[in-house]
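The primary structure of each chain is shown beneath.
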Amino acid sequence: MKFQCYTLGCKVNQYETQAMEQQLLALGHVSGTDADDCDAYLINTCTVTAVADRKNRTLIRRLRREHPQAVIGVCGCYAQVSAGEVEALGVDVVSGSGGREAFVQLVLDAVRQKKAGQNAGQQVLLDDAMRRRAFESLPAGSLGTRTRAMLKVQDGCCNFCTYCIIPYARGPVRSLPLAQAVEQARALEGYREVVLTGIEVASWGRDLKDGSTFADLVESVCRAVPQLRVRLGSLEPRVVDEDFCRRLAACPNFCPQFHLSLQSGSDGVLRRMHRHYDTARYLESVRLLQQWFPGCAVTTDLIVGFPGETEEEFAESLAFARTCGLAMVHVFPYSRRAGTPAASMPGQLSRAEKADRSARAV
């Protein structure tokens, strides 16, 4: 069978797609290119914004139109929370944000049945993400490169920020046990760097109930693979404290580049977002990183146009970001997500107002 995988969204999605690709290659199947007419197309979707949803639908429609005889399987966060919309696009297999190996098997079954002239109908494999308790361990690796590998060590989120749909798409926090994380990292021969990633990676270990901290994990991986650079995915600011910095600064192969989520530089907006820190705590984290890792790069995300955000709060947010001395700020207009508390908050800004603030914030 010839297949092609598509990934939309975050590094976790990239990690999970490469794991599915590894599974298919290990079974003797062949990865195709855009120039090929493949037997199956696997699409791993994102739903973090309305723009992401639109990109999912555009890609699915294009592949269905261009490859009418192929099996199209769709998984990921968009399929998890909007399965009905995906099913209506005429795909063959629909799965959610978990059960990657089972999803691959359903796609393979659909290809076999189609080649045999059988019509199995649409296959749907979904669970209740909020009831997940086990971490789905998949092989670490990369998509199309032998330089940087991704190692997913955490899944799920329990922060429930008022604007975010991801906790509902991914479920509660689940962690890859430390010994398994070290074992998977040691197996990454031929790479030069490994990125520890997760949906809310700084919450690693909270579900293990054994006292393990995220600093324990990073320090252990650094020591286990001294030949590899170790880099982190996006961090929640509260994980950065004196102990975290001291321990990681002592690891020669740790990459001092940090993506520290901000979302707003206004304390009023942060409270409405249900973020679990204020600007003072965020600035403390930035200053600790700059103290322990001189010359380090600290980047962030900034949401503009959150419900009720005034011009004064917007200006306050930009001024605070400048105060932090960040290397780069990724600016996003607030995206209204059905099912989240912020979607029903008063003071929704128009698309034009959000676009204007996005332009001024760049």
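Basis of the calculations
Residues numbered from 1 in each chain as written. Predicted model: local features only at pLDDT ≥ 70, side-chain atom pairs only at ≥ 80, totals over all residues. Heavy atoms only, no water. Pairing = 2+ DSSP bridges. Helix = DSSP H or I, 4+ residues; strand = E, 2+ residues; numbered from the N terminus. Contact = heavy atoms within 4.5 Å. Axes fitted to C-alpha atoms, helices over the stretch in contact; angles between N-to-C directions. Salt bridge = Lys/Arg side-chain N within 4 Å of Asp/Glu carboxyl O. Buried < 20%, exposed > 50% of the residue type's maximum accessible area, 1.4 Å probe, protein only. Arc of directions from axis to C-beta. Phe/Tyr/Trp six-rings, centres within 6.5 Å; stacked < 30°, edge-to-face > 60°.

Novice: Got a minute to help me understand the sheet that holds strand S1 (residues 2–7) in this structure?
Specialist: Working definition: the strands of a sheet are paired by backbone hydrogen bonds and lie parallel or antiparallel to each other. Taken together, 6 strands build an open sheet; the order of strands is S2-S1-S3-S4-S5-S6 and the sheet is parallel. The sheet terminates laterally at strand S2 (30–31) and strand S6 (123–125), the two strands that pair on one side only. One ladder, built from 2 bridges, connects strand S4 (residues 71–76) with strand S5 (residues 93–95); its direction is parallel. Looking at S5, one finds that Gly 73 is bridged to Val 93. Helix H1 (residues 11–26) rests against S1, S2, strand S3 (40–45) and S4 of the sheet, and its axis sits at about 170° to S1. Most of the contacts of helix H2 (residues 50–66) go to S3, to which it runs at about 175°, and overall it touches S1, S3 and S4.

Novice: Help me understand the pattern of salt bridges in this model?
Specialist: It is possible for side chains bearing opposite charge to pair when their charged atoms get close. Counted under the stated rule, the structure contains 29 salt bridges. Taking the shortest distance from any N to any O, the salt bridge between Arg 337 and Asp 53 comes out at 2.7 Å. Of this pair, Arg 337 sits in the loop between strand S13 (328–333) and helix H13 (351–361) while Asp 53 is found in helix H2, placing the two residues 284 residues apart along the sequence. Notably, a salt bridge pairs Glu 311 with Arg 360, separated by 2.8 Å at the nearest N-O pair. With Glu 311 in helix H12 (residues 311–324) and Arg 360 in helix H13, this pair connects stretches of sequence that are 49 residues apart. Linked by salt bridges that have partners in common, Glu 16, Arg 100, Lys 152, Asp 155, Arg 170 and Arg 174 make up one network.

Novice: Explanation requested: helix H7 (residues 178–186) in the structure shown.
Specialist: Note that an α-helix has 3.6 residues per turn; residues three or four places apart therefore point the same way. Within H7 the residues assigned to the buried category are Ala 181, Val 182, Gln 184 and Ala 185. The buried residues of H7 occupy an angular sector of 165° when projected down its axis, which confines them to one face. In this structure, H7 carries Ala 179, Glu 183 and Arg 186 as exposed residues pointing more than 90 degrees from its buried face.

Novice: Please explain unusual backbone geometry as it appears in this structure.
Specialist: Phi is mostly negative for residues that are not glycine, and the peptide bonds are mostly trans. Backbone geometry places Gln 263, a non-glycine residue, at a positive phi of 75°. One can find Gln 263 in the loop between strand S11 (257–259) and helix H10 (267–273). A positive phi angle, close to 65°, is found at His 274, a residue other than glycine. Along the polypeptide, His 274 turns up in the loop between H10 and helix H11 (279–292). Residue His 274 is classed as partly exposed on the basis of its relative accessible area of 37%.

Novice: Quick question: what am I supposed to make of the packing of aromatic side chains here?
Specialist: To describe a pair of aromatic rings, one takes the distance between the centres and the angle between the planes. Counting across every chain of the model gives 10 aromatic pairs. Look at Tyr 277 and Tyr 282: their rings are 6.2 Å apart centre to centre, the planes differ by 40°, and that puts the pair in the tilted class. Across the pair, exposure class does not vary: Tyr 277 and Tyr 282 are buried alike. Ring centres of Phe 306 and Tyr 334 lie 5.4 Å apart, and the angle between their planes is 75°; on these two criteria the pair is classed as edge-to-face. With a gap of 28 residues between them, Phe 306 in the loop between strand S12 (297–304) and H12 and Tyr 334 in the loop between S13 and H13 connect regions that are remote in the sequence. On the basis of relative accessibility, which here comes to 4%, the residue Tyr 334 falls in the buried class. Aromatic ring contacts, followed pair by pair, group Tyr 163, Phe 306 and Tyr 334 into a single cluster.

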